[in-house]
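Reading the structure
Below are the chains, spelled out letter by letter.
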Amino acid sequence: MMLRFVHTADWQIGKPFKNFPSALAGELAAARLDAIGRIGAIARSRSAPLVLVAGDVFDSQHLPTLEVRRTLERLAAETDVCWLLLPGNHDCARVGGIWDRVRAIGLPPNVVALTEPQPYALGRAAVVLPAPLTSKNPGLDVTAWMDAAVAPAGVARIGLAHGSVQGFGSQGESAVMIAKDRAAKAGLAYLALGDWHGTRSIGADTWYSGTPEPDRFPDNEPGNVLLVTIDGQRLASVEKIPAAFFQWHKLAAQVAGAPDFARVESEIARVAPAPHTALIELSLTGSLSLADRAALTAWSEKVRGRLRHLALHDDDVAMRPDGDDFAIFAGCPALERAARRLAEEAAGGSEGAAVAARALQRLHGFAAEFRSGEDA
Amino acid sequence: MKLRALRLKSFRRFLKPVAVEGIADGVNRLAGPNELGKSTLFHALESLFLVRHGVTGAVLNGMRPHGGGDPLIEADFEVDGRALRLRKQFGRGAMTLLSDRASGRALARNADAEDELLRLTNRPGEHAGVFGLVWVRQQRALHSTAPDVGSDGKPRDRGERSALLDAISAEVGAAAAGAPFEAVSDMTRAALDELLTGKRTTLKKHGPLHRLYEERERLKAELAEAQRAADASEARLQRIADIGLRHASLTDPQKRADEIRYLSELQTRLTDARASLARLAPLRDASTARAAELEAAEQAQTVLSQLSASLDEKRQALDTAQTLSRDIASLSEQIARDPMTAVALDDLIARDHQCRIMSAELAGRAALIEIALLPEAAAKVRVDGSPVQSAARIEAATPVTIEIENIGTVRVSPADAARSAELSARREAASHALAERLTELAVPTIDDARARAATRAANVQSLERSRARLTAIAPRGPAQLASEVDALTARLTAMSGTTPPPDAVSQLRRAAAAARQAFDDARLTCPTSDDVAALAAEAERTAAFNAARDVDIARLEVELANAKGEQSGADEDGKSGAVDGLKEALSAIDAEYARLDLEARALHHLEMTLDSIESEANAEMFLPVTRRLAPHLSELFGTASLSFAEDFAPASLQRADANEPFAALSDGTREQLNVLVRLAYAELLADQGRAVPLVLDDPFVYSDDARLARLCEILSKSNRVPQTLLLTCRPSAFAALPARDLAIVDWREERTVVK
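Now for a quick tour of the structure.

Conventions adopted
- Residues numbered from 1 in each chain as written.
- Chains lettered and ligands numbered in written order.
- Predicted model: local features only at pLDDT ≥ 70, side-chain atom pairs only at ≥ 80, totals over all residues.
- Heavy atoms only, no water.
- Helix = DSSP H or I, 4+ residues; strand = E, 2+ residues; numbered from the N terminus.
- Buried < 20%, exposed > 50% of the residue type's maximum accessible area, 1.4 Å probe, protein only.
- Contact = heavy atoms within 4.5 Å.
- Areas by Shrake-Rupley, 256 points an atom, 1.4 Å probe, with all protein chains shown as cover.
- Pairing = 2+ DSSP bridges.
- 1 Å grid on protein atoms, 1.4 Å probe; cavity = no way out; pocket = protein on both sides within 12 Å on 5 of 7 lines; lining within 4 Å.
- Points joined across faces, edges and corners; volume = space filled by probe spheres on them.
- Right-handed = clockwise from strand over helix to strand, strands pointing away.
- Axes fitted to C-alpha atoms, helices over the stretch in contact; angles between N-to-C directions.
- Buried area = accessible area lost by both parts, 1.4 Å probe.
- Salt bridge = Lys/Arg side-chain N within 4 Å of Asp/Glu carboxyl O.
- Polar contact = N/O pair within 3.5 Å; in protein donor to acceptor, adjacent residues only side chain to side chain.
- Nonpolar A, V, L, I, M, F, W, Y, C, P; charged D, E, K, R; others polar.
- Parallel < 35°, antiparallel > 145°, perpendicular 65-115°, else oblique.
- Phe/Tyr/Trp six-rings, centres within 6.5 Å; stacked < 30°, edge-to-face > 60°.
- Lys NZ or Arg CZ within 6 Å of the ring centre and 35° of its normal.

A few words now on the overall build of chain B. Along the backbone of chain B there are 18 helices and 21 strands. With 755 residues in all, chain B has 40% of them scored as buried. When contacts within chain B are restricted to residue pairs at least 6 apart in sequence, long-range pairs at least 24 apart make up 69% of them. Accessible surface computed for chain B: about 39000 Å², of which carbon and sulfur atoms make up 53%.

What follows deals with the sheet that holds strand β19 (residues 723–728) of chain B. All names here are of chain B. One open sheet accounts for 5 strands, arranged β8-β18-β19-β3-β20; its pairing is parallel. With one partner strand each, in any of the chains shown, β8 (135–136) and β20 (740–741) form the two edges of the open sheet. In the sheet, strand β3 (residues 26–31) pairs with β19 via 6 bridges, with the strands oriented parallel. Within β19, the position partnered with L30 by the bridge is L727.

This next bit is on the environment of V381 of chain B. Residues and elements named next belong to chain B. Here V381 is to be found in strand β10 (residues 381–383). On a C-alpha basis, the gap between V381 and T409 in space is 9.2 Å, while along the polypeptide they are 28 residues apart. In this structure, V381 is in contact with L373, S386, P387, V388, I402, E403 and I404, ignoring residues within four places of it in sequence.

The next point concerns empty space enclosed by the protein. One water molecule sets the probe size; rolling that probe over the atoms shows where empty space is left. Residues and elements named next belong to chain B. Counted according to the given criterion, the structure contains 4 cavities of 30 Å³ or more. Taken as a whole, the largest cavity holds about 90 Å³ of empty space. For the lining of the largest cavity, the secondary structure elements donating two or more residues are β1 (2–9), α1 (38–50) and β19. Top element by residues in the lining of the largest cavity is α1. It accounts for 3 residues.

It is worth spelling out the pairing of strand β11 (residues 200–203) of chain A at this point. Of the pairings in the sheet, the one linking β11 of chain A to strand β12 (residues 206–208) of chain A comprises 3 bridges and is antiparallel in character. If you follow R200 of chain A over to β12 of chain A, its bridge partner there is Y208 of chain A.

All names here are of chain B. With respect to the element layout, A5 can be found in strand β1. The exposure class assigned to A5 is buried, which follows from its relative accessible area of 1%. Separated by 19 residues in the primary sequence, A5 and A24 place their C-alpha atoms 9.1 Å from one another. Other than its neighbours up to four places away in sequence, A5 contacts V20, E21, I23, E74, A75 and D76.

It is worth spelling out the pairing of β19 of chain B at this point. All names here are of chain B. When you tally the buried positions in β19, you get 6 out of 6 residues, the bulk of the element. When strand β18 (residues 694–697) meets β19, the two strands line up parallel, connected through 4 bridges. Of the residues in β19, the one forming a bridge with L694 is T724. A crossover connection joins β18 to the parallel β19 through helix α18 (residues 705–717); in handedness this β-α-β unit is right-handed.

With respect to the helices, strands and loops of the structure, V579 of chain B is situated in helix α15 (residues 579–621). Ignoring sequence-local partners within four residues, the contact set of V579 of chain B consists of L223, A226, Q227 and A230 of chain B.

For the rest of this paragraph, the subject is the sheet that holds strand β11 (residues 386–388) of chain B. All names here are of chain B. Spatial ordering of the open sheet is given by β11-β10-β13-β14, a layout of 4 strands whose pairing is antiparallel. The open sheet has two edge strands with one neighbour each: β11 and β14 (408–412). Mean inter-strand twist for the sheet, computed between neighbouring axes without regard to direction, equals 25 degrees. One ladder, built from 3 bridges, connects β10 with β11; its direction is antiparallel.

Turning our attention to the interface of chain A and chain B. How big an interface is tends to be reported as the loss of accessible area on association of its parts. If you look at the interface, chain A gives 38 residues, while chain B gives 45 residues. Overall, the association of chain A and chain B removes approximately 3400 Å² of surface from exposure, summing both partners, and the carbon and sulfur fraction of that is 65%. Of all residues in chain A, H62, R337 and F366 of chain A give up the largest surface area on contact with chain B, accounting jointly for 19% of the area buried on that side. Applying the counting rule to chain A against chain B returns 5 salt bridges. As a salt-bridge pair, E599 of chain B and R362 of chain A come within 2.3 Å of each other at their nearest N and O atoms. Joining chain A to chain B, the criterion identifies 9 residue pairs in polar contact (both at pLDDT 80 or more). Classifying every residue of the side of chain A that touches chain B gives 19 nonpolar, 7 polar and 12 charged.

With that out of the way, let us pick up the pattern of salt bridges. A full pass over the atoms with the stated rule returns 86 salt bridges over all chains. One salt bridge connects E213 of chain A with R38 of chain A, and the closest N-O pair in it is separated by 2.6 Å. One end of the pair, E213 of chain A, is in the loop between β12 and β13 (224–231); the other, R38 of chain A, is in helix α1 (residues 22–45), with 175 residues separating them in the sequence. Relative accessible area serves as the criterion here: at 2%, E213 of chain A is assigned to the buried category. Taking relative accessible area as the criterion, R38 of chain A reaches 22% and is therefore assigned partly exposed. Here R218 of chain B makes a salt bridge to E222 of chain B, at a shortest N to O gap of 2.5 Å. Here R218 of chain B pairs with E222 of chain B, and both are found in helix α7 (residues 208–251), just 4 residues apart, close to one helical turn. A relative accessible area of 41% places R218 of chain B in the partly exposed class. On the basis of relative accessibility, which here comes to 32%, the residue E222 of chain B falls in the partly exposed class.

Attention now goes to the packing of helix α5 (residues 160–172) of chain B against helix α16 (residues 623–637) of chain B. All names here are of chain B. Following both chains from N to C, one finds α5 and α16 inclined at 90 degrees, their axes separated by 9 Å at the closest point. It follows that α5 is roughly perpendicular to α16 by the angle criterion. For the pair formed by α5 and α16, the contact residues are I168, E171 and V172 on the first element and P624, V625, R627 and R628 on the second. Partitioning the contact of α5 with α16 into residue classes produces 4 nonpolar, no polar and 3 charged.

Below, the discussion takes up the packing of aromatic side chains. Where two aromatic rings form a pair, the distance of their centres and the angle of their planes describe that pair. What the rule picks out here adds up to 20 aromatic pairs over all chains. Between Y213 of chain B and Y593 of chain B the ring centres are 6.3 Å apart and the planes differ by 45 degrees, which places this aromatic pair in the tilted class. Residue Y213 of chain B is located in helix α7, and its partner Y593 of chain B is located in helix α15; the two are separated by 380 residues in the primary sequence. On the basis of relative accessible area, Y593 of chain B is assigned to the buried category, the value being 12%. Three or more aromatic residues joined by ring pairs make a cluster, and in this case those are F17, F20, F217 and W248 of chain A. Over the aromatic face of F17 of chain A sits the side chain of K15 of chain A, whose NZ or CZ is 5.9 Å from the ring centroid. A cation over a ring is seen here: R216 of chain B above Y593 of chain B, with NZ or CZ 4.1 Å from the ring centre.

This is how it looks when you write it as structure tokens:
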């Protein structure tokens, strides 16, 4: 008997994104809620009308109740999909906590909250062994109970848990440690994990699905859900399916002059073929002349206009004034003297170096502005 | 630029055409009396080079002759070796013509010619520029040499300062000012004004940095509030969990049964403990009573033995006192009976002594008679009737009669026999009295008297000692002591009837030890009263707890409902959930604030850097002038230097011994300094390839002869100025100056041929 389901985790609905401009923050938050619809569509299209969410459905224990209602409404709207939700460290099942609120609001008929470590039967084919978190840091392996969990013979055992697997460092999201060989010990056909935001296999039968909608510039591979197929009591296949709306990319480049910007630009185009949904974090190193530095500002504004968001880190780009930079002060030795003095201070590496560097850049900008006014 | 000729017609006093021709390199002198028209020539020179031909109004009228007419001025001059002629007609038919003298070709006319003139004289506009620096009108020499200052002392833009600064900056490189510097400074200031207040110490209110600051403060406050709400939520959830646990514990039937059993156990233990405690009391009382009895008996024993010892002691004392009393009586009697007192003894000794003295004196007076007889003469010699047997020794104080048997009589009489006889009589009397006294005292000799007196004195001492001892032993007398002995004896007799005997005390001691042991044994196994009290409290608390269980359950249920209600309200408003978001927002705004703060600091730093560059440049700015001025000053004053204010006005003259403000200097000195400054300007311009003739109209009018001679020396030496034009009404004053003399001649106006 074949069983097919979608494994997802770390929705973190309600994440505020307040470190982004407010309009974008709203879009990012909305995209997380919209992920429910996209996952529902994937489930339907792949004939897998069962979705296991491995923890952190909600971003916080203290989410406004309205957000909780909205989430439940979205889940309820996917009437032909059954959702099994597991409390994670962000939304652990505390007394009086968010899952009590979920229950108080009322679970839709197609939604199950697995807030107790008890087997949950999926018809006669399989049983889900959930390991809900009841605190942020339970201090023990919450999946341990699965080893001795009683289930009818012949059904597939599917583990559902949230936390770090021993020997595999998570991003410090959770202090929950899960035995690496839990699937083998507990006779699981598949162990569906959450907490690590990138898609990752720990063993053939143990997977982190990652978050379906990225929430940060990643060091891993987020933005997917996993389509899991169980044949009888054995895992048949795990398929990674993209589910993200926004594409987050982290880029680093070294620049030595304005001509390098084109190279960076084509790299951006390569990683973000759909720029209007792309968020790029660009970290630049190297060194630029004053003129090129000014050109960088102009260039970055152009690129920023093209992308949904550009976070540019250029603090590590050293300023290296060249002869052409000082040419702008020709005919005004006093200005040139000021520029050279600032350049010296900027190169000094003292506490005021950054201030002097920025002052030099402004001086260069003002001089250029004056010259262009003269030319006009 | 060098002038070669100046010609004019219908210009003020010169109605007819006149000319000054042949102006040479070096110093040119046009000397002549007053009203020759020297200043008019100067005016014409200025008008030709500085006034446009189309000028009208007061300026034009200022050029016209009294009787009216249209002024015409022409000059031949050279620029960079090129010979040019400039001709201007003012008033009717106004025009300008610039032509090349070599070819006679017109180079430009009218406006073009005017513009070309500006270019040739390095002037950016209509202003006097370089000419203003080195053309010194009559009586202007007393005015400040500061550029761009009108004759009224007020600032006026005459293009002089910029001309001077141009020349200076070409030399010192970093002279400040200049349009780009000013513009950049203005832009810096404007940008910084957006962020900081004028003093640069605080954020400009409602400026972007201030807004960010305010926003950050607002977010901080909001975060603090959200954090409080989150903490409260956390505490409330914890409370809900706690209440749930307590409720579960209260409603658990097993626990309930356990607690009832526990209470019953407690009560049993309490009853037992109290009974034990009750049994202990009589044992303790008995032990205490036995101990008290023993103590009383032991005390009585002690008192009895003490009394007995005291009685013995007193009895002994009484014996001693009685013996002493007897001794005292006996001694007193002995002493009273014996007259051999120390006084009596002294009297005896004195009498004896007197007798001895008299005997000695008698012996001294006596004649010594020694008789030795032959054996057959024995008893045949008699001395005062007494026979001598064999020999005699006689001290004869009185006459002695020696009878010798059968021989006769020898009578020996000492000298002063009368006196000796008296002395002898007195001695006899004294001896008799002494003997009588001894008899009275019943002593045979003086030595016996001494012995008896010593015995009596010893008795007196012995008596005193006995009396002292008696007083010590029986201060109130032996009778009192005797009555005390009687009283003690009576008391002892009375007590010995009531005091227990020693074996009875031993018995009591054994009984007390036994009672104590019984009490101690019982106490070992009995709880203390504190134990019992604690047990009672625990039992009471447990009983109360059990009794209150149902009440507590109801109360916890209410508390739980309340806490959940509060939490639900908090969940609805979601404030506590905003903490993470606010933290993110705060970190974003922190970054933005840091960026803009860096911007403010950078702009401020730039502003300060530009200011300091400007100050440095200002300091350097005067160097090109002061350097050129120095040799002239030392020529005129010896060691001296002139300092300038920022507007180039001379500020003070430093000479060997004093630093004098410029305004305090004499008219003569000021005029001389001003001309030397102009000379330095001219030299600077010449050195920068912008030479213009130095024109001095009647200078040094206040100078004394010595100074004037030195000034002439300076002018003649200054070969760096290519051309100097000196107009003077005092030919003799400048006679010593090597110069080409010029003259005003008629101008035979050539017809200008324009090719």
